[in-house]
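Chains, contacts and geometry: an overview
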Amino acid sequence: MNLSEKDQLYHWHPYTQHKTTCLLPAIVRGEGALLWDENGKEYIDAIASWWVNPYGHSNQFIADAIYAQLTTLEHVLFGGFTNKPAVLLSEQLMKILPSNQKKIFFSDNGSTAVEVALKAALQYFYNKGEKRTTVIAFEDAFHGDTFGAMASSGITFFTEAFQGSLIDVIRIPVPTEGNESKSKEALHQAIQSNACAAFIFEPLVQGAAGMVMYAPEILNELLTICKENQVFTIADEVMTGFGKTGKTFACDYLKQQPDMMCLSKALTGGTIPMAITTFTAAIFDGFYDDDTNKALFHGHTFTANPTGCAAALASLQLLQSESIQANMKRVHQSHMDFQSKIKSHPKVKTTRVLGVIFALEIITENQESYYGTMRNKLYNFFIENGIILRPVGNIVYILPPYIISQNQLEKVYQVVENALEIV
């Protein structure tokens, strides 16, 4: 029995209907932008393994940092203690985060980073004796799978089984081109008609919705409305953070800054699960009290794990290096060149590029479901051709490791172009 067969015997995979799923490739090795399965088949990881590996697989620089930390201090509880890598990481993050971010809370993954932000927003007003229980989010958002994050998400089949068990969320239109006024009006209405604690958003790009993009100018306006009405703003930068949009954070495109930011995925270069939620001093002050009950009672066993912090420190060093910055610009320009070539294809409806993110929408006669026939056909075609891409319905996106070679990137483009002939 090989690894794939044993996997089928033991495992329950995420987002998977196992009755209709075949044996899954068993990956045994990775290097750079490449992965190899147990049969020796090579794959180009064109989505950086769910957007977490911008510096490539088995990165020696990060591995060395992890090894050094493992042989010094692998873990110590963060409740009642601190550790050197956590302090150093926060010190480095403060240099690159928006200037209004002053406090850092560690957790385990993107969903828990969002959960911390939502709980902080709701409890802040509770601590003041003010009841605000509603959160505002975009339609088709995705913020994670824990209950608060799931409630804030708008992709219904992910959440419909739990309706009635979730926090109150009002969804407003995404301010894509032509919908800016509708989005602003809906935000005004939501704030005027409800006791709103926070507005959570994926800045500039909605990842799981199919890399839906909107302009920083309209997001500035929405944040201004929230600020004028004392509604906290939460930027979910789990996907967009650490260079994906061409800047360190998508919020770096903004004039207005959020009150909270959620970070994970590329934080540790795809090595160790870790997440961070950052806060303004004003939010922290809402919990700073002689009354112990006003503390934020939230925590995770591996909060601020020293080994994860060491990995994150190494990742930040790589991100800020000249070679990685040059690679990011190269990938962006390659995407722009491919967009110029492919956008006039008779089967392509729209294309969009931001930073290292490329997406194209395929023309369809009917609304294509998230895990529909076209999506599955495309996914299988890519895997057969040694490319790891996960289409969202009829939307194909590329979000590769920054270190992907030009030849590898050109192969990805070619396979995407070939895929248009089978739909």
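So, a few notes on the structure that sits alongside this text. Just so it is clear, the structure is predicted and the values come from calculations on it, not from any experiment. (Residues numbered from 1 in each chain as written. Predicted model: local features only at pLDDT ≥ 70, side-chain atom pairs only at ≥ 80, totals over all residues. Heavy atoms only, no water.)

Quick look at the packing of aromatic side chains now. Scanning all chains against the criterion turns up 19 aromatic pairs. An angle of 70 degrees between the planes, with centres 5.7 Å apart, marks the rings of Phe147 and Phe162 as edge-to-face. Of the two residues, Phe147 is situated in helix α6 (residues 147-151) and Phe162 in the loop between α7 (156-159) and β6 (168-172); the sequence distance between them amounts to 15 residues. Here a set of aromatic residues connected by ring pairs shows up, and it is made of Tyr15, Trp50, Phe142, Phe157 and Phe158. In this arrangement the basic side chain of Lys103 is found over the ring face of Phe284, its NZ or CZ atom lying 4.5 Å from the centre. In this arrangement the basic side chain of Arg375 is found over the ring face of Tyr379, its NZ or CZ atom lying 4.7 Å from the centre. (Phe/Tyr/Trp six-rings, centres within 6.5 Å; stacked < 30°, edge-to-face > 60°. Helix = DSSP H or I, 4+ residues; strand = E, 2+ residues; numbered from the N terminus. Lys NZ or Arg CZ within 6 Å of the ring centre and 35° of its normal.)

Spanning 21 residues, helix α12 (residues 322-342) covers 30 Å between terminal C-alpha atoms, matching the ideal 30 Å at 1.5 Å per step. Those residues of α12 that sit buried are Ile324, Asn327, Met328, Val331, Ser334, His335, Phe338, Gln339 and Ile342. Each buried residue of α12 sits inside an arc of 140 degrees when the element is viewed along its axis, so together they form one side. Summarising the geometry of α12, the exposed residues directed more than 90 degrees from the buried face are Glu322 and Lys329. Next to the buried residues of α12 lie α11 (306-319), β13 (348-354), β14 (357-362), β16 (395-398) and α14 (406-419). (Expected span 1.5 Å × (residues − 1). Buried < 20%, exposed > 50% of the residue type's maximum accessible area, 1.4 Å probe, protein only. Arc of directions from axis to C-beta. Contact = heavy atoms within 4.5 Å.)

Of the voids in this model, the largest pocket is the one considered here, and its volume is about 1200 Å³. Lining the largest pocket are 30 residues, with Thr16, Leu24, Pro25, Tyr379 and Arg390 positioned closest to its centre. Going through the elements one at a time, α1 (3-10), β3 (42-45), α2 (48-51) and α13 (373-384) are the ones with two or more residues in the lining of the largest pocket. Among the elements that make up the lining of the largest pocket, the one with the highest residue count is α13 (six residues). Split by residue class, the lining of the largest pocket holds 17 nonpolar, eight polar and five charged. The computed volume of the second largest pocket comes to approximately 830 Å³. In this structure, the second largest pocket is lined by 37 residues; those nearest its centre are Tyr15, Trp50, Trp51, Phe142 and Lys265. Secondary-structure elements contributing two or more residues to the lining of the second largest pocket are α2 and α5 (110-127). (1 Å grid on protein atoms, 1.4 Å probe; cavity = no way out; pocket = protein on both sides within 12 Å on 5 of 7 lines; lining within 4 Å. Points joined across faces, edges and corners; volume = space filled by probe spheres on them. Nonpolar A, V, L, I, M, F, W, Y, C, P; charged D, E, K, R; others polar.)

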